[in-house]
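# Secondary and tertiary structure notes
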Amino acid sequence: MKKAFLSLILIAIASLCIAQEIPQEIIDQIETYIEDGENEEADILNLYERLLSFYNAPLNINTLTYDEIKELGMLSDIQITDILNHRDIFGNFLSIEEIQTIPSIQTDLARILQYFLWVKDSNKMQLSIPQMLKQSNNELYLKASQIVQDKKGYIPNEDGETKYLGDKNRVFLRWRNSFSTNQRMGIILEKDSGEEIFKSTKNAGFDYLTFHYYLKDYSNLIKEIAVGDYTLSFGQGLISHNSFGSGKSAYVSNVRKGGRVVRPYNSVQENSFYRGAATTLRIHEDIDLSIYGSHANRDGNALTVIDTIDPENPVVESFSSFQLSGNHRTASEKEDQGTIAVSSYGASLQYSKPNFGIAINTLANNFNGSLDRSDKLYNKYRYRGDHLHNASIDYNYRYRNFNFFGESAISSTDNGTAHIVGALVGLSRKFSTTLMYRNYNRSYNSINPNGFGEGTNVNNEVGFYMGIEYRIDRKWTVRAYADYWKHPWLRFNVSRPSSGKEYLLRIDYYLKRKLLIYAQYTHENKLADYSTVSRLIKNTGFQKRHRLRLNVDNTISKELKLRSRLEFSRFENPIEQSYGVLLYQDVIYKPQSSPLSLSTRIAYFDTDDFDSRIYAFENSVLYEFSILSYFNQGIRYYINARYKATRALTIEFRLAQTKYSRTGMVSDPNSAYLIEAISSGNEQIIGNQKTELKMQLRYKF
């Protein structure tokens, strides 16, 4: 994790277009995902895009496959299997309300699904591309935000120079065009805080630009076409996958990945897309062929550069690593921008029947320079050189309440291999279990993996996972999982082979459309390096984390909802212990007769250090939310106001402030005294307050 204070992690996601509320299932997965120490940021704007498109053009439940239902992102594997089994046994759904008869789907979830699923006779596209463009919908978003207090990077030195090249405003511009789920286009322009704007003609004067055009189910031959920026998803993510939420979370059976191979890219993460063209062709009723090619520039730490006549386009001979932050605020960060050219190509051949599927996937990546990692011992088996090739075979088989799936992959680095197999079993109408085994060789490498495990790197890990879910009745549900793993080789900050285990227990009480109460306990125990009391010597020992949470969601009326949470954390290693507590109250008020709606929170937190931090979800402007890392001691509040000025125009404003009662102390250059400060380095703020302002305009036409 970064040592500096974690600022708000902005992530975009779809909220329900009627209620403007994010389903609790997704919120819980987000919080669990962020709590994983290797996932400081999780950007799921693509999930927002998919949900919004499904809302505008609901999917036909009588023709959906497993992968298409999986793309909704809010159903567990057991629930998806139950829907498919219901259709197999009783025939096509006569109405969408019939979904409420499936035992694993609660009433509120069934009500939400009715916004995205429906029953109809035909799902074929009849219009031409020009006709779809003519009848499409457009949305334009303009968002600006900033931290009010000046950070050290913006303060001039004695020579009048600042570390950050740009101002502190973050600016976001997005245009979205869509016709049903079949045709989508979009452009995103973004400038992060501290970055320059309109200083060059590149990317229309913004630091980042992404564009996509996506055509889906256009004919019997063309299943999908993507031009511009897109993502690739294979099997269980051993090579590449753009899924979210298919991992360890309170929804213990939601572990299998799915969805289409090619998807449009709509994210503000600047180093995780393919740029070029991709297509999936239906070459037979049961056989699809995906072909893709990409050439994209990614940020990286260049080690040696060959001088050229054009200083704007240096030739990189070698580089030490990829940079994933997407920040280009300082001169050194600008030097890393787009220095590594990555050319990618490959194909995927998929054979699928209603209850069985198998696919062969390939992906080759070539770099314009040679990757030359540091000589640290944990890097011994990580790939080096100017190319990396992968291939895999993935498969799935479903029979009644049994769902078996897996993937096996190889890489071009020292014959590296990776394997994962899993089974989802519904033992009764109330009880289900999930089993998964993974074995990722220390020599296996991939450039964009997203597999199940303690991390997403799909490397140097062997583990076994078991989850159970028991629906006692319509009100009570118990979920639990246990995960055991080991790392046969060294890892970053772990100087010897290591192991770990993690447990979760959650009990839900649900009262139809009124009340959701859950208690959740998580325990993790894994080997890691730690500093001795003198801070000069590092030892290796087991560190333990405990988290206990009580959450209450109370729907008072259609206009008023209250959310309360109390959470405790405890961290310990062989020489120290630390504790944390978080208490917050949310009020969400949305009068149906008024164009103005409000949501607000007040929170108190007290943690001994960063190790005992607590993460929590925050509401934000439309189609965006924040995940904050609460640590240290203080009070935080925010208020979001949304005003629907006309049918086409929506205006939103957000004010969020954290006031610390315990901060760090630094020297005052103007006196001999110490003064309060937040964070460190260029992000340092003098004082004990951090205030964020944000405004967003949305115009539909």
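Residues numbered from 1 in each chain as written. Predicted model: local features only at pLDDT ≥ 70, side-chain atom pairs only at ≥ 80, totals over all residues. Heavy atoms only, no water.

## Observations regarding the overall build of the protein
Where we set the bar: Helix and strand assignments follow DSSP, with helices taken as H or I runs no shorter than four residues and strands as E runs no shorter than two, numbered in order from the N terminus. The buried label applies to any residue whose accessible area, calculated with a 1.4 Å probe on protein chains only, is under 20% of its type's maximum; exposed applies above 50%, and partly exposed to all values in between. Only the protein chains shown count as cover for residues, and the accessible areas themselves come from Shrake-Rupley with a 1.4 Å probe.
Within the protein one finds seven helices and 35 strands. Per-residue burial over the protein gives 55% buried out of 701 residues. For the protein, the computed accessible surface area is about 30600 Å², with 57% contributed by carbon and sulfur atoms.

## Focus: the packing of aromatic side chains
In plain terms, the rule: Each Phe, Tyr or Trp ring (for Trp, its six-membered ring) is paired with any other whose centre lies within 6.5 Å, and the angle between the two planes then decides the class: stacked below 30 degrees, edge-to-face above 60, tilted in between.
Within the structure shown, the criterion is met by 23 aromatic pairs. On the basis of an interplanar angle of 5° and a centroid distance of 6.4 Å, the ring pair of F402 and F404 is categorised as stacked. Taking the relative accessible area as the measure of exposure, F404 reaches 31% and is therefore partly exposed. When the ring of F605 is compared with that of Y630, the centres are 5.4 Å apart and the planes differ by 65°; the resulting orientation is edge-to-face. Of the two residues, F605 is situated in strand β27 (residues 596-607) and Y630 in strand β29 (residues 625-630); the sequence distance between them amounts to 25 residues.

## Considerations on the nonpolar core
Here is the rule: Buried Ala, Val, Leu, Ile, Met, Phe, Trp, Tyr and Cys residues that are joined via side-chain atoms within 4.5 Å together make up what is termed a nonpolar core.
Y230, L232 and L238 are the most contacted members of the largest nonpolar core, which has 29 residues in total. Counting only elements with at least two residues in this core, the list comes to β8 (222-232), β10 (274-284), β17 (402-411), β18 (417-426) and β19 (431-440). Within the second largest apolar cluster, 23 residues are counted, among which are Y66, L75, I105 and A110.

## Quick look at the pattern of salt bridges
For the record, the criterion: Within this document, salt bridges are pairs made up of a side-chain nitrogen of Lys or Arg and a carboxyl oxygen of Asp or Glu, the two lying within 4 Å of each other.
One pass over the full model with this rule turns up 39 salt bridges. The partner of D150 in a salt bridge is K168, with the nearest N and O atoms 3.0 Å apart. Of this pair, D150 sits in the loop between β4 (137-147) and β5 (170-179) while K168 sits in the loop between β4 and β5, and the two are 18 residues apart along the sequence. The class for K168 is buried, based on a relative accessible area of 18%. Each of K248, R438, E454, E461, D483, E502, E524 and K526 takes part in a single network of salt bridges with overlapping partners.

## Quick word on the side chain of E567
The condition is simple: N or O atoms within 3.5 Å of each other form a polar contact, as long as, within protein, one can give a hydrogen and the other can take it, and as long as residues adjacent in sequence are counted only when both atoms are side-chain atoms.
Relative to the elements of secondary structure, E567 occurs in strand β25 (residues 560-573). Looking at E567, the relative accessible area reads 1%, which means it is buried. Within the local environment of E567, its side chain forms a polar contact with the side chain of R549, the two groups lying 2.9 Å apart.

## Topic: the environment of L504
Rule in force here: We call two residues in contact when some of their heavy atoms are within 4.5 Å.
Residue position: L504 is located in strand β22 (residues 498-511). In the structure, L504 is positioned 24 residues away from A480 in sequence and 5.2 Å away in space, judged by C-alpha atoms. Setting aside residues up to four positions removed in sequence, L504 forms contacts with A250, R479, A480, Y481, Q520, Y521 and T522.

## Regarding helix α4 (residues 77-90)
In an α-helix there are 3.6 residues to a turn, and that puts residues three or four apart on one side. Condition: A helix is expected to reach a length of 1.5 Å times the quantity of its residues less one.
Over its 14 residues, α4 runs 20 Å from end to end, which matches the ideal 20 Å to within 8%, given 1.5 Å per residue. Of all 14 residues in α4, 11 are buried; the element is thus mostly enclosed. A positive backbone phi angle near 85° is found at G91, which sits one or two residues after α4.

## Structural notes on the pairing of strand β23 (residues 515-531)
As a reminder, the rule being used: Strands are treated as partners if at least two bridges between them are detected by DSSP.
Bridge count for β22 against β23 is 12 bridges, and the pairing is antiparallel. Paired with Y503 across the bridge in β23 is H523. Counting the residues that bridge the hairpin from β22 to β23 gives three residues, and of these R513 lies at a positive phi of roughly 60°. By the bridge criterion, 17 bridges tie β23 to strand β24 (residues 538-555) in an arrangement that is antiparallel.

## Points about the pairing of strand β7 (residues 208-216)
Counting buried positions along β7 yields seven of nine residues, so the element is predominantly enclosed. Pairing geometry for strand β6 (residues 183-191) and β7, over eight bridges, is antiparallel. Each bridged residue has a counterpart across the sheet, and for M185 the counterpart in β7 is Y213. Relative to β8, β7 is paired through five bridges, and the arrangement is antiparallel. By the bridge assignment, Y213 is partnered in β8 with V227. Between the antiparallel neighbours β7 and β8 lie five residues, among them D217 with a positive phi of about 50°.

## Some details on the sheet that holds strand β33 (residues 674-678)
Here three strands make up an open sheet; going across it, the order is β32-β33-β34 and the pairing antiparallel. Two strands bound the open sheet, and with one partner strand each, they are β32 (664-667) and β34 (685-686). Examined bridge by bridge, β33 and β34 share two bridges and lie antiparallel to one another. Following the sheet pairing, I678 is matched in β34 by I685.

## Points about unusual backbone geometry
The phi torsion at A204 lies on the positive side, around 60°, for a residue other than glycine. Examined against the element boundaries, A204 turns out to sit in the loop between β6 and β7.

## Some points on the environment of T362
Here T362 is to be found in strand β15 (residues 356-371). Spatially, the C-alpha atoms of T362 and I393 are 9.0 Å apart, while their sequence positions differ by 31 residues. The contacts of T362, once residues within four sequence positions are left out, are Y292, Y345, G346, A347, N390 and A391.

## Thoughts on the environment of D508
On the secondary structure map, D508 appears in strand β22. Judged by its relative accessible area of 6%, D508 falls in the buried class. In this structure the C-alpha to C-alpha distance between D508 and R479, which are 29 residues apart in sequence, comes to 8.4 Å. A polar side-chain atom of D508 sits 3.1 Å from a polar atom in the side chain of R479.

## Digging into the confidence of the model for the protein
Spelled out, the test is: Each residue carries a pLDDT score, the predictor's confidence in it, ranging from 0 to 100.
On average, the protein scores 86 in pLDDT, and the residues at 70 or more come to 88%. Every residue in residues 1-21 is under pLDDT 50, and counting partners more than four places away or in other chains gives 90 contacts. Ignoring residues within four places in sequence, the model shows residues 36-43, a span with pLDDT below 50, making 25 contacts including any to other chains.

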